[in-house]
Amino acid sequence: MDTEPTKPAAQRSAKSGGGLGRYVLIRFLLIFPTVFILVTLVFFLMRIIGNPIVASVGGRLTQAQLQERLHAAGYDRPVIVQYLEYLGNIARGDFGTTATDHRPITEIIVTYGGATAELVFYALIVALVLGIPLGMLAAYLRDKWPDVLLRALAILTYATPVFFGGLLMKLVFSVWLGWLPLGDRASTRVELALDQVPGATGIYIIDALRTGNGQIIGDVLLHAVLPALTLGLLTAGIFLRLVRANMIGSLGSEYVDAARSRGVRESRLVRTHAFRPALVPIITVMGLQIAMLLGGSVLTETTFGWRGLGFELNQYLSARDFVAVQGIVAILAVIVAVTNFVVDVVAALIDPRVRF
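Residues numbered from 1 in each chain as written. Predicted model: local features only at pLDDT ≥ 70, side-chain atom pairs only at ≥ 80, totals over all residues. Heavy atoms only, no water.

Residues and numbers for the overall build of the protein chain, please.
The secondary structure content of the protein chain amounts to 16 helices and 0 strands. In the protein chain, the share of contacts with a sequence separation of at least 24, taken over all contacts with a separation of at least 6, comes to 72%. For the protein chain, the exposed area adds up to about 18800 Å²; of that, 66% sits on carbon and sulfur atoms. (Helix = DSSP H or I, 4+ residues; strand = E, 2+ residues; numbered from the N terminus. Contact = heavy atoms within 4.5 Å. Areas by Shrake-Rupley, 256 points an atom, 1.4 Å probe, with all protein chains shown as cover.)

Now the structure itself:
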């Protein structure tokens, strides 16, 4: 009699664990077709544009030199052969070599990837710090003038082109007010000091913290303010509207009405009872927003001279080095796919309803 009631509970627990394990396994396996499709699209789009070797160095070489370069790169073979070889190289971790400066793509990722990761992290912090509280405020003051103003602000930040927002911020805060630097990741003096840090990571804030010098840390953070705001506001508007919409539904639910009838304070209702369910959609779309931030980093880094992957990608685009573009975009596709997997797993741990 004592063991009968516990058996169904144990079975339910095992089933729940199995459901999570199955979900994680399926999401992990989906990484491979996702990366395969993205890499395939990038490969053939680059071939539709034209021969990458001809596009990057064709006008500066003789016909014989050009043919020699094409043969060395394998671009004189059938496209399907190039494609299969490209997939094989990616499977071995070889994403190619740039046509203009003959650098391995993996070396570019290692050199400049930390700068882009740092900028995306800053922008994500800005988006969360601004988007979530303002979304909560807009939901609580639904249809009042602060709500209308915040919704208009959310639409404005999302619709404003990144490069225009960056130029406008530079004009206001750097040129007119003189509060913040115009660009770069740090001042020249600080960059030289950070280059001397043993085992430098390329992520300036980490290297600055390792020095223990407050002036260096402050300089790095000061240079990050405008790029982080420019890129973070793009996502903050999305978070604001998402939190608002979900919290309006939570505030009108029966369990919130029950808590209100028990005399729970309104501030606690908003922070605890209504906010926690509204947080789950934020986590589920986090992966997509990180992909958007990576895309927006190209223009943001170019606008502020932030030497990251986006800046380098723009440089290679200007040089028509489509081999470099193809390799960098392929690696970014892998990063986005893995990030989405991690976010999906976190969302499943928080909310079992997202599992299938």
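Continuing now.
Break down the nonpolar core for me, with residues and values.
Counting 71 residues, the largest nonpolar core has Ile105, Leu194 and Val220 as the members making the most contacts within it. Here this core takes 15 residues from helix α6 (residues 105-140), the largest share from any one element. Look past the residues within four positions of Leu194 in its chain and what remains in contact with it is Ala200, Tyr204, Asp207, Ala208, Thr211, Ile216 and Val220. (Core = buried A, V, L, I, M, F, W, Y, C linked by side-chain atoms within 4.5 Å. Buried < 20%, exposed > 50% of the residue type's maximum accessible area, 1.4 Å probe, protein only.)

Describe α6, with residues and values.
Between its first and last C-alpha, α6 extends 49 Å over 36 residues, near the 52 Å set by a 1.5 Å rise per residue. Of all bends in α6, the biggest is about 45 degrees, found at Tyr112. (Expected span 1.5 Å × (residues − 1). Bend = angle between axes of the 7 residues up to and from the residue.)

Account for the packing of helix α15 (residues 309-318) against helix α16 (residues 322-350), with residues named and values stated.
The N-to-C vectors of α15 and α16 enclose an angle of 150 degrees; their axes lie 9 Å apart at closest approach. With respect to each other, α15 and α16 are oriented roughly antiparallel. You can see that α15 and α16 cross each other, and the crossing is left-handed. Together, Leu309, Leu313, Tyr316 and Leu317 of α15 and Ala324, Val325, Ile328, Val329 and Leu332 of α16 make up the contact between the two elements. Residues of the contact of α15 with α16, tallied by class, amount to 9 nonpolar, no polar and no charged. (Axes fitted to C-alpha atoms, helices over the stretch in contact; angles between N-to-C directions. Parallel < 35°, antiparallel > 145°, perpendicular 65-115°, else oblique. Left-handed = near helix turned anticlockwise from the far one by under 90°. Nonpolar A, V, L, I, M, F, W, Y, C, P; charged D, E, K, R; others polar.)

Lay out unusual backbone geometry with the relevant residues and their values.
The phi dihedral of Asp143 falls on the positive side, at around 70 degrees, and the residue is not glycine. On the secondary structure map, Asp143 appears in the loop between α6 and α7 (145-159). Look at Asp143 and you get exposed, because its relative accessible area is 54%. With a phi close to 70 degrees, Asp184 is a non-glycine residue in the positive phi region. Residue placement: Asp184 occurs in the loop between α8 (162-176) and α9 (188-195).

Give me the side chain of Arg185: which residues, what numbers.
Tracing the backbone through its elements, the reader meets Arg185 in the loop between α8 and α9. Judged by its relative accessible area of 8%, Arg185 falls in the buried class. At 2.9 Å, the side chain of Arg185 and the backbone oxygen of Gly202 are in polar contact. Beyond its immediate sequence surroundings of up to four residues, Arg185 is in contact with Ala115, Glu118, Glu191, Gly202, Ile203, Tyr204, Val220, His223, Trp306 and Arg307. (Polar contact = N/O pair within 3.5 Å; in protein donor to acceptor, adjacent residues only side chain to side chain.)

Before we move on, can you summarise the packing of α7 against helix α11 (residues 214-251) with the specific residues and values?
Axis separation between α7 and α11 bottoms out at 7 Å; the angle between their running directions is 140 degrees. Classified by the angle their axes make, α7 and α11 are oblique. The way α7 lies across α11 gives a crossing that is left-handed. Within the contact between the two elements, α7 uses Asp147, Leu150, Arg151, Ala154, Ile155, Thr157 and Tyr158 and α11 uses Leu233, Leu234, Gly237, Ile238, Leu240, Arg241 and Arg244. Residue composition of the contact of α7 with α11, by class: 8 nonpolar, 2 polar and 4 charged.

Pulling in residues and values, what's your account of helix α10 (residues 204-211)?
Regarding α10, the residues found buried are Tyr204, Ile205, Asp207 and Ala208. Viewed end-on, α10 has its buried residues packed into an arc of 165 degrees, placing them on one side of the element. In this structure, the buried side of α10 is in contact with α6, α9 and α11. Just downstream of α10, Gly212 is the residue with a positive phi angle, here 70 degrees. (Arc of directions from axis to C-beta.)

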